[in-house]
There are 2 protein chains.
Amino acid sequence: MIGVLGGMGPLATADFFQKVIAETPATADADHVPLLIQSDPRISPRPAAILGEGRSPLPELLAGRDRLISAGATALAMPCNTAHYWYADLAEGCSVPFLSIVDASVDELSLRADIGASIGIIATRATLAARVFDSALVRSGYTVITPDENVMDNLVLPGIALVKAGESMRAGALIEQAVQALLNRGARVVVLACTETPVALDALKSPLRLHCVDSTAALARYCVAWWRASQARSRVAT
Amino acid sequence: MIGVLGGMGPLATADFFQKVIAETPATADADHVPLLIQSDPRISPRPAAILGEGRSPLPELLAGRDRLISAGATALAMPCNTAHYWYADLAEGCSVPFLSIVDASVDELSLRADIGASIGIIATRATLAARVFDSALVRSGYTVITPDENVMDNLVLPGIALVKAGESMRAGALIEQAVQALLNRGARVVVLACTETPVALDALKSPLRLHCVDSTAALARYCVAWWRASQARSRVAT
């Protein structure tokens, strides 16, 4: 059973759940991945904490992690890019594998963009400031392009807030322009490194999704692959 | 935190999660209902057990119930109508309220159909055979109309199987005809008493949804109302 540390925000977690199902080759219930999903929207806001304006959600995240493991999770995933700021703290001392959304996204990117390519990132200001993705991208040989201040203030941040308020279609129109701005500046592929942003583009069925790596879908595929491999291992062992 | 005993099937549980979010008046993450969702597709098939052709899932359901309570659930819900065959066994000795999908659906029906009206039910053969809904409907003064054998074999059961296989659009075309057949026979409202069936009609954006009570959405609204009331009670108490 894969434990999901979610609710940041709830709609992004529901989108992750749908994408795990969609990415699973299944003809009946029993083919699907067992999940235990904590959708706790009360976890302290991540961006404020990273930017030094609020208390750290780390104790709450650790409590959620341990709750999921106690309840039987054999691996963990967290469909929130910003919360991966605390990934090292969460993975440390964790008794089960903690599947990273950054690793999942960069793995997928490597199939889509050659080394040396410029990669755009759509993310919260906190994810960008904390450089959650940068080291993994740079290590893989990519150059990073981030939205300029104008795009952040008028498109990315209002788009994310609209998804959190249930206005995914309106959000889509803003996020689409933000993706286009990065493509115009030479991005070969844009990583949707905030799990609210694929919800927005999906609501609009935006054709620009073809130019993006959806971090939520990447993590979903990573989880399905992990689960199937773990099942195969247990069949070999018995 | 509301515990969700799900995975029967996974897509119906994901639909329930989406509907809880959609039914919540929220402008930010923190307004949403905290959920702990077990999506365990390995639970023994419910229809076979009810029809005497397979082992009972009750021990697995009780284990799931107790896992969710141990992990902190303060109420429970189960977005699967067929599994409500074991509702009394699950509610007995349960230390937290177990919110029933049957009660939620009948409550909603009472706003939509006058006493004495004929009510159609779309459900698995097991839910119909076990009369999961009948006593609650009859107690409320309704007359029940169920699909005939031909509609069950050619529309309802293949439609449910298609949703479980990820073919919601194709399923929608079948379920829509099943609903229409019940309306033609005089049903005032049709209860979608299998949580796969609203997924099918939603995929098609079927206009017939206006004539239906969606048991998944009814349970979602019931959960949101319970959570908001529990929050108001705890504010009064402190």
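A. Representation of the packing of helix α1 (residues 10-22) of chain A against helix α10 (residues 196-203) of chain A within the structure. Residue and element names in this part refer to chain A. Closest axis-to-axis distance for the α1/α10 pair is 8 Å, and the angle between their directions is 70°. Here α10 runs roughly perpendicular to α1, going by the angle between their axes. Counting all contacts with α1, which are made through L11, A12, D15 and K19, the residues of α10 involved are E196, P198, V199 and D202. Split into classes, the residues belonging to the contact of α1 with α10 amount to 4 nonpolar, no polar and 4 charged.

B. Expanded view of the interface of chain A and chain B. Every contact between the two is made by 35 residues of chain A and, on the other side, 35 residues of chain B. Carbon and sulfur atoms make up 61% of the surface buried where chain A meets chain B, a total of about 2,700 Å² over both sides. Of all residues in chain A, F17, D29 and P41 of chain A bury the most surface against chain B, accounting for 21% of the area lost on that side. Where chain A meets chain B, there are 4 salt bridges. Residues K164 of chain B and D29 of chain A are paired through a salt bridge, measuring 2.9 Å at the closest nitrogen-oxygen approach. Remark: the boundary between chain A and chain B carries 9 residue pairs in polar contact (both at pLDDT 80 or more). Secondary structure elements with two or more residues in the side of chain A that touches chain B: α1, β2 (35-39) and α3 (58-70) of chain A. Per-element tally for the side of chain A that touches chain B: the top contributor is α1 of chain A, with 8 residues. In terms of residue class, the side of chain A that touches chain B is built from 20 nonpolar, 8 polar and 7 charged. With 5 bridges connecting them, β2 of chain A and strand β2 (residues 35-39) of chain B associate as antiparallel partners. The residue bridging I37 of chain A from the neighbouring strand is I37 of chain B, located in β2 of chain B.

C. Local environment of the sheet that holds strand β3 (residues 75-77) of chain B. As summarised here, the arrangement of the 8 strands in space is β4(A)-β3(A)-β1(A)-β2(A)-β2(B)-β1(B)-β3(B)-β4(B), forming an open sheet in which the pairing is mixed. Single-partner strands in this sheet number two, and they are β4 (98-99) of chain A together with β4 (98-99) of chain B. Note that strand β1 (residues 2-6) of chain A and strand β3 (residues 75-77) of chain A share 3 bridges and pair parallel. If you follow V4 of chain A over to β3 of chain A, its bridge partner there is A77 of chain A. Along the sheet, α1 of chain A contacts β1, β2 and β3 of chain A together with β2 of chain B; its crossing angle with β2 of chain A, the most-contacted strand, is approximately 165°.

D. Up close: the sheet that holds strand β5 (residues 118-122) of chain A. Residue and element names in this part refer to chain A. Strand order in the open sheet formed by 4 strands is β6-β5-β7-β8, with parallel pairing between adjacent strands. Edge positions in the sheet fall to β6 (143-145) and β8 (212-214), since each has one partner strand and no second. With strand direction ignored, the average angle separating the axes of adjacent strands in the sheet is 30°. The pairing of strand β7 (residues 189-192) with β8 spans 3 bridges and is classified as parallel. Across the sheet, L192 pairs through a bridge with D214, a residue of β8. Seen against the sheet, helix α9 (residues 168-184) touches β5, β6, β7 and β8 and runs at an angle of roughly 160° to β5. Sitting on the sheet, α10 touches β5, β7 and β8, and the angle it makes with β7 is about 115°.

E. Molecular detail of the relation of the copies chain A and chain B. Rotating chain A by 180° and moving it 0.0 Å along the rotation axis overlays it on chain B with an RMSD of 0.0 Å. This pairing of chains is accounted for by a two-fold axis. Ranked by how close their C-alpha atoms come to the rotation axis, the residues of chain A are headed by I37 of chain A, at 2.4 Å. Comparing interface residues between copies, 100% of those in chain A also sit at the interface in chain B, which points to an isologous, same-surface contact.

F. Here's a closer look at the domain arrangement of chain A. All names here are of chain A. Domain boundaries in chain A define domain 1 (2-101 + 217-237) and domain 2 (103-214). Across the boundary between the two partners, domain 1 contributes 23 residues, which contact 24 residues of domain 2. In total, about 1,800 Å² of surface goes out of reach between domain 1 and domain 2, with carbon and sulfur atoms giving 55% of it. Connecting domain 1 to domain 2 are 3 salt bridges. The shortest N-O distance in the salt bridge between K19 and D214 comes to 2.7 Å. Inspection of the region where domain 1 meets domain 2 yields 13 residue pairs in polar contact (both at pLDDT 80 or more). For the side of domain 1 that touches domain 2, the secondary structure elements donating two or more residues are α1, α2 (46-50) and α11 (215-237). Sort the elements by how many residues they give to the side of domain 1 that touches domain 2 and α11 lands first, with 5 residues. For the side of domain 1 that touches domain 2, a count of residues per class yields 14 nonpolar, 5 polar and 4 charged.

G. Structural detail: helix α10 (residues 196-203) of chain B. Of all 8 residues making up α10 of chain B, 6 are buried, and the element is well covered by its neighbours. Just beyond α10 of chain B, the residue with positive phi is K205 of chain B, at close to 45°.

H. Examining the packing of helix α8 (residues 149-164) of chain A against α9 of chain A more closely. Residue and element names in this part refer to chain A. At a minimum axis distance of 8 Å, the contact between α8 and α9 shows a crossing angle of 145°. Relative to α9, α8 is oriented so that their crossing is left-handed. Between α8 and α9, the residues in contact are V151, N154, L155, V156, P158, G159, I160, L162 and V163 and S168, R170, A171, L174, I175, Q177, A178 and A181, respectively. For the contact of α8 with α9, the residue count by class is 12 nonpolar, 4 polar and 1 charged.

I. Representation of the nonpolar core. Counting 132 residues, the largest nonpolar core has L109 and V179 of chain A together with L109 and V179 of chain B as its most contacted members. When residues no more than four places from it in sequence are discounted, the contact partners of L109 of chain B are I119, L137, Y142, V189, V191 and V213 of chain B. Formed by 45 residues, the second largest nonpolar core is a distinct cluster that contains L5, L58 and C80 of chain A together with A71 of chain B.

Calculation notes
Residues numbered from 1 in each chain as written. Chains lettered and ligands numbered in written order. Predicted model: local features only at pLDDT ≥ 70, side-chain atom pairs only at ≥ 80, totals over all residues. Heavy atoms only, no water. Axes fitted to C-alpha atoms, helices over the stretch in contact; angles between N-to-C directions. Helix = DSSP H or I, 4+ residues; strand = E, 2+ residues; numbered from the N terminus. Parallel < 35°, antiparallel > 145°, perpendicular 65-115°, else oblique. Contact = heavy atoms within 4.5 Å. Nonpolar A, V, L, I, M, F, W, Y, C, P; charged D, E, K, R; others polar. Buried area = accessible area lost by both parts, 1.4 Å probe. Salt bridge = Lys/Arg side-chain N within 4 Å of Asp/Glu carboxyl O. Polar contact = N/O pair within 3.5 Å; in protein donor to acceptor, adjacent residues only side chain to side chain. Pairing = 2+ DSSP bridges. Least-squares fit on C-alpha atoms with pLDDT ≥ 70 in both. Domains from an automatic or database assignment. Buried < 20%, exposed > 50% of the residue type's maximum accessible area, 1.4 Å probe, protein only. Left-handed = near helix turned anticlockwise from the far one by under 90°. Core = buried A, V, L, I, M, F, W, Y, C linked by side-chain atoms within 4.5 Å.

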